Amino acid sequence: MASEENKKQDSALSVQQGVEQPSSVNPALSKGLRKFKKDQFEVMDYVDGILKGDRAILSRAITLVESARPQDQEIARQLINACLPHSGNSLRLGITGVPGAGKSTFIESFGLHLIDKGHKLAVLAIDPSSKRSKGSILGDKTRMEDLSVNPNAFIRPSASAGTLGGVARKTRETVILCEAAGFDLVLIETVGVGQSETTVAQIVDFFLLLQLAGGGDELQGIKRGIMEMADLIVINKADGDNIKKAELSKREYENALHLFPALENGWIPKVLTASAFHSIGLQPIWEHIEEFVRLTQANGHFDGKRQEQSIGILNDTISHALTEGFFYHPELKPLLASYEKQVLNKEISPYEAAQLLLKKYFESLK
Ligand code: GDP
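Described below are features of the structure shown in this document. (Residues numbered from 1 in each chain as written. Predicted model: local features only at pLDDT ≥ 70, side-chain atom pairs only at ≥ 80, totals over all residues. Heavy atoms only, no water.)

As a further point, take a nonpolar patch on the surface. Taken together, the side chains of Ile 311, Leu 314, Ile 318, Leu 322, Leu 358, Phe 362 and Leu 365 make up a nonpolar region of the molecular surface, amounting to roughly 650 Å² of accessible area. Elements with a contribution of two residues or more to the nonpolar patch: α13 (301-327) and α15 (350-365). Looking at the element boundaries, Phe 362 is found in helix α15. (Patch = residues over 30% accessible without salt bridge, like charges linked within 9 Å, V, L, I, M, F, W, Y side chains within 5 Å. Areas by Shrake-Rupley, 256 points an atom, 1.4 Å probe, with all protein chains shown as cover. Salt bridge = Lys/Arg side-chain N within 4 Å of Asp/Glu carboxyl O. Helix = DSSP H or I, 4+ residues; strand = E, 2+ residues; numbered from the N terminus.)

Here is the structure:
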């Protein structure tokens, strides 16, 4: 005779236990994440995690840096202050190139090459045009497949929102966090269209321009501004039928670079060819970067540039705070709107309106 227990199991209404399913979250990660759920996850917990090189906590901290919420910004500020003494030890490399130049392929193969040499690499992106949609740099998960799963790499898609200035500020802070987490190479990628490369040049120590061999139209001025910023130009896709064209392009670029004035730091920008896809020519690129660092560290320009950048950050932060303080001032907002109308009606000149508004603003601070 079946027991009570067995009867229950025979019933169509009974629930079978089934096989226990593995957790959908990596248990090592979930341990860290569980901690985040608690409100009392404090600045020091973040700092400890970052200093231990915990990538989940680093990621979380960067999200705080990117957040627009005032309470997050306050934690982020404390976090940056705590990490600052542990930062500054990495080499910061900028990389730019038009879409299709092979940036992600290059970062993947060059990154793996450097990790093989014992480095730890963080990859960040500045992409003001990105709406996290198609074409967003680093946004696409299929990019840098091998690098993204490498324990010595950390890849962070670009902060999607905000002005270029805002994204730059956040990227600088992210660099500090990555350095504190032990990454000795920080690579910042940007698309070589628009102004973002100028911004990246203000953050990095060395700037690499990835180019394609072409019919010479790349020398027609469009890239002149970017070329002037480059410490190294790499003609990518120098493989197969393209090798000859790449060599020709290399010579054209070398000739073009001769026309630029000499750099103050004593470095003569170089042109190399490579194939990111076939991992050819990567070591010479690294050797040139090392040579640049040796030269500029010896003649003081390496530190000099960083000092200049620090002063730039100081000034940027002040102008940003002043602008925000003014334009978000609750009393000034309606006044500004009213002066705008008066300016449009030619009742007051824009200069005078600005003077009056600024006077009002500074008075409100007293
Ligand atoms: P990005 O838009 O600059 O990031 O360019 P991608 O890395 O996505 O590369 C664009 C296309 O060029 C892809 O189809 C790559 O496979 C290809 N590619 C990248 N590097 C090389 C290379 O060294 N040789 C060749 N033949 N193709 C490459």
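Relative to the 16 Å expected for 12 residues at 1.5 Å per residue, helix α4 (residues 55-66) spans 16 Å between its end C-alpha atoms, a close match to the ideal helical length. For α4, the complete set of buried residues consists of Ala 56, Ile 57, Leu 58, Ala 61, Ile 62, Leu 64 and Val 65. Backbone nitrogen of Ala 56 and a side-chain oxygen of the N-cap are separated by 3.0 Å at the start of α4; the cap is Asp 54. (Expected span 1.5 Å × (residues − 1). Buried < 20%, exposed > 50% of the residue type's maximum accessible area, 1.4 Å probe, protein only. Polar contact = N/O pair within 3.5 Å; in protein donor to acceptor, adjacent residues only side chain to side chain.)

All right, on to the packing of aromatic side chains then. Following the criterion strictly, the structure yields 7 aromatic pairs and no others. Pairing Phe 326 with Phe 327 gives two aromatic rings, centres 5.0 Å apart and planes at 80 degrees, and the pair type is edge-to-face. The structure contains a cluster of three or more aromatic residues connected by ring pairs, namely Phe 326, Phe 327, Tyr 361 and Phe 362. Positioned over the ring face of Phe 183 is Lys 120, at 4.8 Å from the centre of the ring. Its guanidinium or amino end placed over the ring of Trp 267, Lys 270 lies 3.9 Å from that ring's centre, counting from NZ or CZ. (Phe/Tyr/Trp six-rings, centres within 6.5 Å; stacked < 30°, edge-to-face > 60°. Lys NZ or Arg CZ within 6 Å of the ring centre and 35° of its normal.)

The subject of this paragraph is the environment of His 258. Within the fold, His 258 resides in helix α11 (residues 243-258). C-alpha of His 258 to C-alpha of Ile 268: the two residues are 10 residues apart in sequence and 9.0 Å apart in space.

In this section: α13. Given 3.6 residues per helical turn, the α-helix brings residues three or four places apart onto the same face. Here α13 is 27 residues long and its end C-alpha atoms lie 38 Å apart, about the 39 Å a rise of 1.5 Å per residue gives. Of the residues making up α13, those classed as buried are Phe 302, Arg 306, Gln 309 and Phe 326. Residues of α13 that are buried make contact with β1 (91-97), α9 (196-201), α12 (282-298), α14 (332-344) and α15. (Contact = heavy atoms within 4.5 Å.)

What follows covers the sheet that holds strand β3 (residues 153-155). The parallel open sheet is built from 7 strands, whose spatial order is β3-β2-β4-β1-β5-β6-β7. On the outer flanks of this sheet lie β3 and β7 (270-273), each paired with one strand and no other. Taken over all neighbouring pairs, the strand axes of this sheet differ in orientation by 20 degrees on average, direction set aside. Summarising the sheet, strand β5 (residues 206-212) and strand β6 (residues 232-236) pair through 5 bridges and their orientation is parallel. Bridged to Gln 211 within β6 is Ile 235. Across the face of the sheet, helix α8 (residues 164-180) comes into contact with β1, β2 (121-126), β3 and β4 (185-191) while running at roughly 175 degrees to β2. (Pairing = 2+ DSSP bridges. Axes fitted to C-alpha atoms, helices over the stretch in contact; angles between N-to-C directions.)

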